[in-house]
There are 2 protein chains.
Amino acid sequence: MAKKASSRLEWRINVPEGTSKVLEPESGAVGKIWVGLKGCMGIIVLKVWRVLENAWHIGVADPRKVIHCIKVGLALSIVSLFYYMRPLYDDFGGNAMWAVMTVVVVFEYTVGATFYKCINRVIATFLAGALGVGIHLVAEQSGDQLKPIILGISVFLFASAATFSRFIPSVKARFDYGAMIFILTFSLVSVSGYRVVELFELAHLRLSTIAIGTSLCILVTMLFCPVWAGCELHHLIHQNMEKLADSLDGCVTEYFKENGSEKDLNKKMQGYKCVLNSKAAEESMANFARWEPTHGRFNFRHPWKQYLKIGASLRNCAYCIETLNSCISSEIQAPPCLRKHFSNKCMKASSYSINVLKELVITIVKMKKSSNIDVKVAEMNFAVEELVDALKSLPTTHFIATTTGEESTKAKAEGVEGSEHPSPIMKVLPLVKVVSLMVEIATRIGGVVNAVEELARLAEFKAAKDGKPKQNQPTDKLVADH
Amino acid sequence: MAKKASSRLEWRINVPEGTSKVLEPESGAVGKIWVGLKGCMGIIVLKVWRVLENAWHIGVADPRKVIHCIKVGLALSIVSLFYYMRPLYDDFGGNAMWAVMTVVVVFEYTVGATFYKCINRVIATFLAGALGVGIHLVAEQSGDQLKPIILGISVFLFASAATFSRFIPSVKARFDYGAMIFILTFSLVSVSGYRVVELFELAHLRLSTIAIGTSLCILVTMLFCPVWAGCELHHLIHQNMEKLADSLDGCVTEYFKENGSEKDLNKKMQGYKCVLNSKAAEESMANFARWEPTHGRFNFRHPWKQYLKIGASLRNCAYCIETLNSCISSEIQAPPCLRKHFSNKCMKASSYSINVLKELVITIVKMKKSSNIDVKVAEMNFAVEELVDALKSLPTTHFIATTTGEESTKAKAEGVEGSEHPSPIMKVLPLVKVVSLMVEIATRIGGVVNAVEELARLAEFKAAKDGKPKQNQPTDKLVADH
């Protein structure tokens with residue numbers, strides 16, 4: 001089917017090029033087909049062009065992806081040596097194919113993912129091979145009649161059981177690939193065993209070629225510009241935290257701004273969407289990170305799961321910011337005088353909240369306990385309380401003034417402009433929403449603080465230098481052991 | 001390494017069983033080891049037991065998963081026949097291995113995923129094989145010295161390019177597996193070609209065994225209890241919609257309830273969390289669904305992408321419900337009298353919103369255009385407006401009464417109880433939040449309605465029978481062509 005489709009495609013491309021000029025005088029149906037083909041070609045070229053353009057942008061945005069591709073090519077070229085060099089070929093023969101296959105299948109973008117696949121592959125191949133040989137020996141004892149039945153049933157049972165194990169979340173997270181390789185190897189061994197006499201020899205060769213493939217992958221992935229899943233997760237978390245701070249800043253600035261919206265601000269405000277959508281990425285990276293050996297500032301048993309909790313608490317904040325964002329874009333807005341009244345207090349509360357987030361970012365980036373996070377949290381809480389107080393004091397001045405109508409002159413003297421809004425509560429409603437969301441966001445930032453402190457405890461972060469650490473100070477200059 | 005680890009494990013398990021009784025009198029260190037081992041064993045047994053228990057629950061919750069495992073076992077047993085039956089073996093020889101491998105690697109839970117992998121595998125194998133043979137022929141012409149260099153460079157280039165293509169989102173969504181198989185086949189062909197003379201024969205055998213494997217997979221997956229990714233997505237979407245309706249119902253009931261919380265309610269309220277977390281599942285199912293042929297009520301070109309949009313709009317609602325939920329669990333609550341005042345209107349607005357969601361569920365389940373969705377949306381909007389009006393009229397009665405203090409007697413006559421709260425706005429604040437969230441949720445439900453209507457248009461849903469369709473009426477009894 002694929003062959004047919006492909007040959008038709010070839011025909012499509014070749015016919016117009018060679019025959020168009022000769023056929024044109026005939027026009028009619030042929031002309032139409034020619035125009036149609038030209039259109040098709042145009043669309044295809046355009047699509048390919050777009051994909052290439054897209055690819056270029058991806059490569060420019062993250063050159064490590066390009067490096068990864070070169071690494072794959074390199075690993076494959078090295079493993080090809082087993083075929084090209086005669087002495088190696090004589091040792092392994094056709095089994096060298098398994099080394100090539102291992103490299104293709106096992107080589108992943110991050111070190112953790114490569115380790116996960118390598119370890120799974122080696123262990124699963126070994127287990128399934130041993131089990132297959134064992135069952136083969138048992139089947140051998142029971143005569144030629146029973147042998148295929150025993151082998152068939154064992155394949156059926158083990159394949160079903162291993163397939164089912166892939167549905168169990170805890171197994172899926174760690175051994176999904178291993179379960180697949182187990183089924184593959186077990187089927188191949190128990191089925192090949194029926195024909196191939198030198199089963200042990202085969203198993204030995206297969207295992208050693210796979211070992212060569214995996215160790216090559218591990219070497220290449222770790223030696224040339226390694227991409228650690230743990231580092232990626234670490235970056236993702238503090239980047240998301242920064243995005244959240246920027247979104248909050250953007251939203252509040254946008255709401256209380258005096259002039260039209262700026263484009264930069266709009267882009268900044270959308271950062272929370274990344275936070276909302278990064279759950280899957282965080283989980284897969286945390287899964288891979290635990291396979292990684294000690295690297296850089298991360299130990300083998302770094303508490304990667306705690307990063308998931310931080311991620312969840314960040315998403316919790318992001319939900320609130322999402323609602324805040326929709327408040328900002330809603331049509332009904334509080335009158336400018338009221339906005340002005342709250343502007344300072346809200347901006348203060350938001351800037352203190354952002355300070356807390358930024359302090360957490362520094363804590364995570366530097367992996368040092370912050371000495372003044374408590375102060376910043378207290379400042380945030382104080383600012384939030386001030387905001388709530390301002391809200392509390394609102395009715396006595398504005399509400400009565402506008403509802404009873406008698407004191408409007410007094411109100412005007414206080415700087416409250418007359419408004420076209422029909423009801424006073426509708427006037428303050430948008431502001432009340434924004435303020436209560438600010439309060440809620442501050443509460444949820446408290447959750448993030450707790451999660452980060454738990455991480456600092458689990459990962460045994462050292463205390464930062466006393467006093468205010470400068471933001472751009474290099475990490476290694478900070479004195480530890482406090 | 002794996003072997004060593006395994007043998008150590010064996011030792012651990014065997015030693016205590018055989019020798020414990022003899023060694024006990026020596027006690028001391030040995031006794032401690034024995035106790036430690038017993039503890040270890042206990043933990044291992046407990047862990048295995050938990051996994052098994054978990055597996056049992058998974059199987060009971062969704063028997064189709066058990067059926068899937070049986071299907072995998074069946075497909076593998078059938079493909080094993082190629083080895084056991086001599087005439088077939090004589091045709092394919094060792095290449096029958098590729099059929100086994102294909103079945104193991106390609107067989108997925110849903111039909112769509114299996115199709116995706118099968119089609120990708122066949123096309124990629126064909127393309128890479130053809131390219132590999134072509135480059136091999138070119139290399140042959142250029143002499144023995146240049147041949148390995150040309151082959152090595154081509155492997156490097158094509159492997160790198162194909163690896164990079166996997167980073168492009170549009171390619172990743174449709175051809176990720178194909179790209180991997182392309183690298184695999186291309187490397188194997190161009191590298192084996194160096195040794196194996198009968199390259200065309202090999203390619204032919206490989207392709208036909210893969211074709212056998214894939215067609216067997218497709219047959220088994222489609223004939224025995226097929227699980228369609230499209231159906232799964234369809235179910236997921238309307239289930240999420242129902243969960244959202246239940247959450248909304250639960251939240252509002254919980255907020256305005258008179259007595260303590262019920263356990264059932266609490267569970268019901270958490271449904272929105274599933275909606276928040278189902279983005280990844282929706283996307284992968286939509287990706288697989290488009291490979292599926294016409295099945296049941298779904299055409300080949302069913303607008304699966306629109307389901308993603310509905311999912312996004314549902315998540316939009318879920319963000320609001322999340323905030324609503326946190327309002328409910330907050331410590332500061334509006335005084336009972338105020339809650340009572342709004343209870344009816346809020347319950348009404350929420351029940352009309354839920355009605356709209358339920359109508360959408362029926363639309364999706366039956367795949368018929370609803371004749372009275374417009375009425376229900378209008379009812380919802382009307383109820384929301386009433387709620388807003390109630391809020392608007394609030395200050396003139398309650399605010400002044402409580403702020404000026406002079407009219408408290410009159411207020412009490414109206415049924416307003418005195419309260420310990422310091423400020424009147426803090427009293428209404430929680431209610432204002434709930435009400436404004438109700439309004440926002442209704443707006444976002446409007447977004448869901450639009451998305452579902454777009455789906456109805458794209459998928460050409462037929463109009464349902466005039467009048468009110470009963471909820472449990474079987475689908476085929478509804479008259480179409482309206």
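Chain A carries the name Aluminum-activated malate transporter 10-like in an unreviewed UniProt entry, which gives Gossypium schwendimanii as its organism. In its Sequence similarities (unreviewed entry) section, the UniProt entry covering chain A states "Belongs to the aromatic acid exporter (TC 2.A.85) family." According to its UniProt record, chain A has this under Subcellular location (unreviewed entry): "Membrane".

Trainee: How should I be thinking about the nonpolar core in this particular structure?
Mentor: Soluble globular proteins tend to pack their nonpolar side chains together in the buried interior. Counting 144 residues, the largest nonpolar core has M241(A) and M241(B) as its most contacted members. Ranked by size, the runner-up nonpolar core spans 82 residues in total, among them A75(A), L76(A), W98(A) and C217(B).

Trainee: Got a minute to help me understand the state of the cysteines in this structure?
Mentor: Residue and element names in this part refer to chain B. One pass over the structure, following the stated rule, counts zero disulfides over all chains. Considering cysteine sulfurs only, C251 is the nearest to C274, which forms no disulfide, with 14 Å between them. For C274, a relative accessible area of 36% translates into the label partly exposed.

Trainee: Is there a simple way to explain helix α2 (residues 29-61) of chain A in this structure?
Mentor: Every α-helix winds through 3.6 residues per turn, so residues three or four apart in the chain are directed the same way. Helix length check: α2(A) (33 residues) gives 48 Å between terminal C-alpha atoms against 48 Å at 1.5 Å per residue, within 8%. For α2(A), the complete set of buried residues consists of L37(A), A55(A), I58(A) and G59(A).

Trainee: So what exactly am I meant to see when it comes to helix α15 (residues 336-366) of chain B here?
Mentor: Residues and elements named next belong to chain B. Look at α15: 42 Å from first C-alpha to last across 31 residues, which is about the 45 Å you get at 1.5 Å a residue. At S343, α15 shows its largest kink, close to 45°. Directly beyond the C-terminal end of α15, a positive phi value near 55° is found at M367.

Trainee: So what exactly am I meant to see when it comes to the packing of helix α6 (residues 111-141) of chain B against helix α7 (residues 143-165) of chain B here?
Mentor: Residues and elements named next belong to chain B. The contact between α6 and α7 brings their axes to 7 Å, and the two run at 150°. Classified by the angle their axes make, α6 and α7 are roughly antiparallel. The chirality of how α6 crosses α7 is right-handed. Every residue of α7 that contacts α6 at L131, I135, H136, A139, E140 and Q141 is listed here: G143, K147, I150, L151, S154 and F158. Split by residue class, the contact of α6 with α7 holds six nonpolar, four polar and two charged.

Trainee: I'm lost on a nonpolar patch on the surface in this one. Help?
Mentor: On the surface, a nonpolar cluster with roughly 410 Å² of combined accessible area is contributed by I44(A), V48(A), W49(A) and L52(A). The residue L52(A) is located in helix α2 in this model.

Trainee: Mind showing me how you'd approach the packing of aromatic side chains here?
Mentor: Pairs of aromatic rings are described using the distance from one ring centre to the other and the angle between the two planes. Residue and element names in this part refer to chain A. Within this structure, the stated rule accounts for 21 aromatic pairs over all chains. Aromatic pair F182 and F186: ring centres 6.1 Å apart, planes at 0°, arrangement stacked. Note that F182 and F186 are positioned in helix α8 (residues 169-192) at a spacing of four residues, about one turn of the helix. Among the residues examined, F186 registers a relative accessible area of 2% and is labelled buried. The rings of Y116, F175, F288 and W291 are connected pair by pair, giving a single aromatic cluster. Lying over the aromatic face of Y177, K117 brings its terminal NZ or CZ to 4.8 Å of the ring centre.

Trainee: In this structure, what is going on with the domain arrangement of chain A? I would like to understand it.
Mentor: How big an interface is tends to be stated in terms of the accessible area lost upon association of its parts. Residues and elements named next belong to chain A. Domain annotation of chain A identifies domain 1 (46-223) and domain 2 (229-394 + 425-462). The gap between the C-alpha centroids of domain 1 and domain 2 is 44 Å. Buried area between domain 1 and domain 2, both sides added, is near 940 Å², and the carbon and sulfur share of it is 66%. The interface formed by domain 1 and domain 2 contains one salt bridge. The partner of R64 in a salt bridge is E232, and the shortest N-O contact between them spans 2.7 Å.

Trainee: For this particular structure, what's the right way to read the pattern of salt bridges?
Mentor: Where charged atoms from two side chains of opposite charge come close, those side chains can pair. All names here are of chain A. Summed over the entire model, instances satisfying the criterion amount to 26 salt bridges over all chains. For R457, the salt bridge identified is with E454, shortest N-O distance 2.8 Å. With R457 and E454 both in helix α19 (residues 424-458), this residue pair falls three residues apart, about one helical turn. Residue E454 is classed as partly exposed on the basis of its relative accessible area of 28%. The network of salt bridges with common partners includes D62, R64 and E232.

Reading guide: rules and limits
Residues numbered from 1 in each chain as written. Chains lettered and ligands numbered in written order. Predicted model: local features only at pLDDT ≥ 70, side-chain atom pairs only at ≥ 80, totals over all residues. Heavy atoms only, no water. UniProt positions renumbered as here; feature names shortened; annotations may be inferred. Core = buried A, V, L, I, M, F, W, Y, C linked by side-chain atoms within 4.5 Å. Buried < 20%, exposed > 50% of the residue type's maximum accessible area, 1.4 Å probe, protein only. Disulfide = S-S within 2.5 Å. Helix = DSSP H or I, 4+ residues; strand = E, 2+ residues; numbered from the N terminus. Expected span 1.5 Å × (residues − 1). Bend = angle between axes of the 7 residues up to and from the residue. Axes fitted to C-alpha atoms, helices over the stretch in contact; angles between N-to-C directions. Parallel < 35°, antiparallel > 145°, perpendicular 65-115°, else oblique. Left-handed = near helix turned anticlockwise from the far one by under 90°. Contact = heavy atoms within 4.5 Å. Nonpolar A, V, L, I, M, F, W, Y, C, P; charged D, E, K, R; others polar. Patch = residues over 30% accessible without salt bridge, like charges linked within 9 Å, V, L, I, M, F, W, Y side chains within 5 Å. Areas by Shrake-Rupley, 256 points an atom, 1.4 Å probe, with all protein chains shown as cover. Salt bridge = Lys/Arg side-chain N within 4 Å of Asp/Glu carboxyl O. Phe/Tyr/Trp six-rings, centres within 6.5 Å; stacked < 30°, edge-to-face > 60°. Lys NZ or Arg CZ within 6 Å of the ring centre and 35° of its normal. Domains from an automatic or database assignment. Buried area = accessible area lost by both parts, 1.4 Å probe.

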